[in-house]
Structures are given as structure tokens and as C-alpha cells.
Amino acid sequence: MTHTLPRALAVLSACALIALAGCSGQPASQDAGDPPAQEGQAEAKTVAEKGDTVKVNYRGTLDDGTQFDSSYDRGEPLEFTVGAGQMISGFDAAVEGMEVGEKKTVRLEPADAYGERSDAMVTTFSKDDVPDFDSLEVGDTVTLSTSNGSTVAAAVTEKTDDSVTVDANHELAGKPLTFEIELVEVG
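A brief look at the structure comes next. (Residues numbered from 1 in each chain as written. Predicted model: local features only at pLDDT ≥ 70, side-chain atom pairs only at ≥ 80, totals over all residues. Heavy atoms only, no water.)

Side note on unusual backbone geometry
- A positive phi is found at Asp132, a non-glycine position, where the angle reads about 60°.
- With respect to the helices, strands and loops of the structure, Asp132 is situated in the loop between β6 (122-126) and β7 (141-145). (Helix = DSSP H or I, 4+ residues; strand = E, 2+ residues; numbered from the N terminus.)

If you want it as C-alpha cells, here you go:
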């Protein structure tokens, strides 16, 4: 169940900006040292470089072996642009330089994945500040509106008769992650 809370603390706004800082949405530019593409060049690229659109299959696991995500299970490779900030930094860096057909396993520390957990991303709201307070339950996801107009998803972690506590940390924050990656295609 998803709920919307009308306002969040200013600290969530700042933390949301920090959490989203890696997602610039800016297209990658061609390096000045790269030769221009030749017209009629039919040779397919085989090595992933910054700015390339690639397709990869992957499986992500925690240190205890629990799988948290897999493109294999969805039956479709993940497509993204290398170096464009669309992926967590460690995953992006692992794909750069891979050859089509290559498989590798990488372990990422939190700093190269979803970052460390932050207590500043956990806040408690008074019952009076929360519409739909009575329908909220621990485990629900709520959407917080920040002071700059953006939104942040947060999980309800505690509810008392007078308040509700929410956590806007990514569920994988603070955890090392292991990825098995296979480069399928370089576009």
C-alpha cells in the first residue's frame, strides 16, 4: 500500500538530493580523443566503453547468498548507457571494458552500490501530520514530498498510537552486493 504524506522534514530533502546525485540523466559525450565513426562502417563493437549503450544479464546477491535481483529471471537483459550515471557506480565501472560474451563476478562495497545507511533518512511524524494515519501499517511504502518538490519513497518501520516512523534509505543501503554480469551486446 502506498500513501502520500504532504510534507517532510528539510533533512529528507537534502538526503534525497544526495541519494539521487548519481542519476544526472545527462547523455554521455564523446571523448575528444575518440576518432569519429566512419560512414558505412559495418563492424560491430565488441568492447563496452563510456557512452556505449549496452545490454547485460546479471544476478545480484547479498553476502549470505540471497538473490535480490536478476535479469535472467525477467528473461530480458538490462539496457543502459555506460558512464551516464544510470546505474550504481560499481556496476557501471565493472561493465566498462568488458567484451561481448564475457562473464565476471564483482563484489561491491556500499560506497560503490547504494551507499551507507543514514540515520538522517529516518524520521518520525506526529499522527496529526499524517493523512490516512489509521490505515498505515509497518511495511507499507509511503511517498514523502520534500521542500524542493521532489518525492522520496520511504518504508513505514514503526507505528505507535501517536506517531509513525519512516525510513527513506534504499533497502540495499549499507550492504555489500555481489553481481554476476554477462555482457550481451554493445550498441
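As for the pattern of salt bridges
- Scanning all chains against the criterion turns up seven salt bridges.
- As a salt-bridge pair, Lys45 and Glu49 come within 3.4 Å of each other at their nearest N and O atoms.
- Assessed through its relative accessible area of 40%, Glu49 is described here as partly exposed. (Salt bridge = Lys/Arg side-chain N within 4 Å of Asp/Glu carboxyl O. Buried < 20%, exposed > 50% of the residue type's maximum accessible area, 1.4 Å probe, protein only.)

Describing the nonpolar core
- Membership of the largest hydrophobic core comes to 21 residues, with the highest contact counts inside it found for Val54, Val56, Phe91, Val95, Phe179, Ile181 and Leu183.
- Only β2 (53-61), α3 (89-95), β5 (103-108) and β10 (177-186) provide two or more residues apiece to this core.
- Looking at this core, the element that brings in the most residues is β10, giving five residues.
- Excluding residues that lie within four positions of it along the chain, Ile181 makes contacts with Val56, Asn57, Tyr58, Phe91, Ala94, Val95, Met98, Glu102, Lys103, Lys104 and Val106.
- In terms of nonpolar packing, the next biggest core, distinct from the first, is built from 13 residues, Met121, Phe133, Leu144 and Ala154 among them. (Core = buried A, V, L, I, M, F, W, Y, C linked by side-chain atoms within 4.5 Å. Contact = heavy atoms within 4.5 Å.)

Looking at the pairing of strand β9 (residues 163-167)
- Of all five residues in β9, five are buried; the element is thus mostly enclosed.
- One ladder, built from five bridges, connects β6 with β9; its direction is antiparallel. Counted as the bridge partner of Val122 is Asp167 from β9.
- Bridge count between strand β8 (residues 151-159) and β9: four bridges; the pairing is antiparallel. Bridging from a neighbouring strand, Val156 pairs with Val166 of β9.
- Connecting β8 to the next strand, β9, in antiparallel fashion are three residues. (Pairing = 2+ DSSP bridges.)

Quick word on the side chain of Asp140
- Examined against the element boundaries, Asp140 turns out to sit in the loop between β6 and β7.
- Salt bridges are absent for the buried Asp140, whose nearest opposite-charge side chain, Lys159, sits at 7.5 Å.
- Here the side chain of Asp140 touches Glu137 through a polar contact of 2.8 Å, landing on its backbone nitrogen. (Lys, Arg positive; Asp, Glu negative; His and termini not counted. Polar contact = N/O pair within 3.5 Å; in protein donor to acceptor, adjacent residues only side chain to side chain.)

Thoughts on the environment of Val184
- Tracing the backbone through its elements, the reader meets Val184 in strand β10.
- For Val184, a relative accessible area of 33% translates into the label partly exposed.
- Discounting chain neighbours no more than four positions away, the residues touching Val184 are Lys55, Val56, Asn57 and Val100.

Description of the environment of Lys175
- Looking at the element boundaries, Lys175 is found in the loop between β9 and β10.
- Residue class for Lys175 comes out partly exposed when judged on its relative accessible area of 34%.
- Sequence-wise, Lys175 and Arg117 are 58 residues apart; in three dimensions their C-alpha atoms are separated by 8.7 Å.

Read these as spatial facts, not as claims about activity.
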